[in-house]
Amino acid sequence: MEWQPDEQGLQQVLQLLKDSQSPNTVTQRAVQQKLEQLNQFPDFNNYLIFVLTRLKTEDEPTRSLSGLILKNNVKAHYQNFPSGVSDFIKRECLNSIGDPSPLIRATIGILITTIASKGELQSWPELLPQLCSLLDSEDYNTCEGSFGALQKICEDSSELLDSDALNRPLNVMIPKFLQFFKHCSPKIRSHAIACVNQFIIGRAQALMDNVDTFIESLFVLAVDEDSEVRKNVCRALVMLLEVRIDRLIPHMHSIIQDPDENVALEACEFWLTLAEQPICKEALSGHLLQ
């Protein structure tokens, strides 16, 4: 039987969530005391995930707050969660990663990443395959939510993802991410580049095996209509200077200034980094005015 909340308990949790949004310091103290009391009951965390993922009649800030309190509980007490509670939370996260609300999707992504950071990547073997599979969903929200979670996992666990401990999932993930460089949504393109960027400095083997495809795709996106995509391209090029300048030299003529100020600032970092390289003069000599 799947866990179901007790109606009275649910109303108590909802009232607590409402009270916790009060600016009154006395109320805030009372909320903290109540939270500490409720944390003695293992299924309190079931209520929190239930509010986040199932109670779509509630306003988004309340649902998101429920998820953030749960995230803090995961950080502090996850090792004490009964297996039934942790399994329920994991299942709800994956089932709701495509919530229509960007705020709720982001909260679920943070929660997934927090659970993963507690050593759960090894004991949650279905997480990465399922998130990668959900990228192919025809539903935009599911694709975007899954990418948001994957980006956070890549940022937090880049070394672990490139290790034998997880049977080297990057061998599947890197080629998968590269496919989404051509996605019609700029948000998805930006997520895809940001995911791959986490593995440049560490010279992940799966990325080095696909580095030419990666660089070619970056130069296609260097003139992307979206400034966030172009910023992520600049960040990638700066890091590639450190690890594979040999592969960038043939493309040097394509690196141009950007009219967007924020993107131009990212691009400046590229030229500053290049100037520190011994090969700088040779790389630029054909492109400078005599």
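Residues numbered from 1 in each chain as written. Predicted model: local features only at pLDDT ≥ 70, side-chain atom pairs only at ≥ 80, totals over all residues. Heavy atoms only, no water.

Student: How do you make sense of the packing of aromatic side chains when you look at a structure like this?
Tutor: The geometry of an aromatic ring pair is captured by two quantities: the separation of the ring centres and the angle between the planes. Under the definition given, this model contains 7 aromatic pairs. Note on Trp-3 and Phe-50: the rings are 6.1 Å apart at their centroids and 75° apart in plane angle, and the pair reads as edge-to-face. A residue pair is termed long-range when its members are at least 10 positions apart, and Trp-3 in the segment before helix H1 (7-19) and Phe-50 in helix H3 (residues 44-53) qualify at 47 residues. Assessed through its relative accessible area of 18%, Trp-3 is described here as buried. Phe-50 gets classed as buried once you look at its relative accessible area, which sits at 9%. Judged by centre distance (6.0 Å) and plane angle (70°), the ring pair of Phe-181 and Phe-214 falls under edge-to-face. Of the two residues, Phe-181 sits in the loop between helix H10 (170-179) and helix H11 (186-197) while Phe-214 sits in helix H13 (residues 211-221), which places them 33 residues apart along the sequence. Exposure class is identical for Phe-181 and Phe-214. Each is buried. Put simply, the rings of Trp-3, Tyr-47, Phe-50 and Phe-88 touch in pairs and so form one group of aromatic residues. (Phe/Tyr/Trp six-rings, centres within 6.5 Å; stacked < 30°, edge-to-face > 60°. Helix = DSSP H or I, 4+ residues; strand = E, 2+ residues; numbered from the N terminus. Buried < 20%, exposed > 50% of the residue type's maximum accessible area, 1.4 Å probe, protein only.)

Student: Before we go on, may I ask you to explain the pattern of salt bridges in this structure?
Tutor: Oppositely charged side chains can form a pair if their charged atoms are brought close together. This structure, assessed with the given rule, holds 15 salt bridges. Salt-bridge contacts for Lys-187 lead to Glu-144; the nearest nitrogen and oxygen are separated by 3.2 Å. You can see Lys-187 sitting in helix H11 and its partner Glu-144 sitting in helix H8 (residues 140-156), a full 43 residues away along the chain. Owing to a relative accessible area of 43%, Lys-187 belongs among the partly exposed residues under this scheme. Since its relative accessible area comes to 6%, Glu-144 is described here as buried. Residues joined by salt bridges that share partners form a network here, namely Glu-2, Arg-54 and Glu-92. (Salt bridge = Lys/Arg side-chain N within 4 Å of Asp/Glu carboxyl O.)

Student: What should I look at first to understand the environment of Gln-151 in this one?
Tutor: Tracing the backbone through its elements, the reader meets Gln-151 in helix H8. Through-space distance from the C-alpha of Gln-151 to that of Gly-109 is 9.1 Å; in sequence the pair is 42 residues apart. Apart from the residues lying within four places of it in its own chain, the contact partners of Gln-151 are His-191, Ala-194 and Cys-195. Polar contacts involving the side chain of Gln-151 include one to the side chain of His-191, which spans 2.6 Å. (Contact = heavy atoms within 4.5 Å. Polar contact = N/O pair within 3.5 Å; in protein donor to acceptor, adjacent residues only side chain to side chain.)

Student: Quick question: what am I supposed to make of the packing of helix H6 (residues 102-123) against H8 here?
Tutor: Packed helix pairs are specified by the crossing angle of their axes together with the interaxial distance, meaning the distance between the axes. Contact geometry for H6 and H8: axes closest at 9 Å, N-to-C directions at 40°. Classified by the interaxial angle, the pair formed by H6 and H8 is oblique. Classified by chirality, the crossing of H8 by H6 is right-handed. Contact with H6, carried on its side by Arg-105, Ala-106, Gly-109, Ile-110, Ile-112, Thr-113 and Leu-121, involves Tyr-140, Asn-141, Glu-144, Gly-145, Ala-149, Lys-152, Ile-153 and Asp-156 of H8 and no other residues of that element. For the contact of H6 with H8, the per-class residue count stands at 7 nonpolar, 4 polar and 4 charged. (Axes fitted to C-alpha atoms, helices over the stretch in contact; angles between N-to-C directions. Parallel < 35°, antiparallel > 145°, perpendicular 65-115°, else oblique. Left-handed = near helix turned anticlockwise from the far one by under 90°. Nonpolar A, V, L, I, M, F, W, Y, C, P; charged D, E, K, R; others polar.)

Student: I tried to follow the nonpolar core on my own but got confused; where do I start?
Tutor: Most often, soluble globular proteins keep nonpolar side chains buried together rather than apart. By size, the foremost hydrophobic cluster in this structure holds 81 residues, and its most contacted members are Leu-161 and Phe-214. Beyond its immediate sequence surroundings of up to four residues, Phe-214 is in contact with Leu-178, Phe-181, Val-196, Asn-197, Ile-200, Leu-207, Ala-236 and Leu-240. (Core = buried A, V, L, I, M, F, W, Y, C linked by side-chain atoms within 4.5 Å.)

Student: What exactly am I supposed to notice about the environment of Glu-216 here?
Tutor: One can find Glu-216 in helix H13. Judged by relative accessible area, Glu-216 falls into the partly exposed class, the value being 48%. Distance from Glu-216 to Arg-247, taken between C-alpha atoms, is 9.9 Å for residues 31 residues apart in sequence.

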